[in-house]
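The primary structure of each chain is shown beneath.
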Amino acid sequence: MFYERVQTQDQNTYISLGTTRRDQAEKNLQANRLRRYADKKGLDVEKPTKKAMAVVATLDFNEESGCPDRRGRKRYNPATKTPSDYRGLP
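Residues numbered from 1 in each chain as written. Predicted model: local features only at pLDDT ≥ 70, side-chain atom pairs only at ≥ 80, totals over all residues. Heavy atoms only, no water.

Novice: What's the story with the side chain of N32 in this structure? I'm lost.
Specialist: Relative to the helices and strands, N32 is located in helix 1 (residues 22–41). Judged by its relative accessible area of 18%, N32 falls in the buried class. A distance of 3.1 Å separates the side chain of N32 from the side chain of R35, its partner in a polar contact. In contact with N32, other than residues within four places in its own chain, are E4 and L17. (Helix = DSSP H or I, 4+ residues; strand = E, 2+ residues; numbered from the N terminus. Buried < 20%, exposed > 50% of the residue type's maximum accessible area, 1.4 Å probe, protein only. Polar contact = N/O pair within 3.5 Å; in protein donor to acceptor, adjacent residues only side chain to side chain. Contact = heavy atoms within 4.5 Å.)

Novice: I tried to follow the pairing of strand 1 (residues 3–8) on my own but got confused; where do I start?
Specialist: In this sheet, strand 2 (residues 11–16) lies alongside strand 1 in antiparallel orientation, the contact comprising six bridges. Note on strand 2: the bridge partner recorded for T8 is Q11. (Pairing = 2+ DSSP bridges.)

Novice: Where do I start with unusual backbone geometry in this structure?
Specialist: Glycine aside, residues mostly have negative phi angles, and peptide bonds mostly take the trans form. Backbone geometry places Q9, a non-glycine residue, at a positive phi of 50 degrees. Here Q9 shows up in the loop between strand 1 and strand 2. Positive phi, close to 60 degrees, is recorded for D10, a residue that is not glycine.

Novice: I tried to follow the pattern of salt bridges on my own but got confused; where do I start?
Specialist: Side chains that carry opposite charge are capable of pairing whenever their charged atoms lie near each other. Taken as a whole and assessed by the stated rule, the structure comprises three salt bridges. Of the charged contacts, one joins R21 and D23 as a salt bridge, the two residues approaching to 3.1 Å between their closest N and O atoms. As a salt-bridge pair, R22 and E26 come within 3.4 Å of each other at their nearest N and O atoms. Taken together, the residues R22 and E26, both in helix 1 and four residues apart, mark about one turn of the helix. Overall, the relative accessible area of 57% leaves R22 in the exposed class. Judged by its relative accessible area of 45%, E26 is partly exposed. (Salt bridge = Lys/Arg side-chain N within 4 Å of Asp/Glu carboxyl O.)

None of the figures reported here should be taken as evidence of function without further support.
Laid out in structure tokens, this is it:
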């Protein structure tokens, strides 16, 4: 994971750039710096929208969409009555 070091209130803080690829991290770093520069100059910049999601909502979404678990097996889905016994699945 790549991080950016910024100084806030005389303390060094590390912000995750959200990627493990160096080329993408450099793009994210440049975008963050440009966004901060525009804020200092008073320019109106469209900020990326982030949607907070509760853990329960994320888990429910994974169960409803049939996303596999860590081992690649199907999860139990109460809507489709997929069995919880994973060994019975193909």
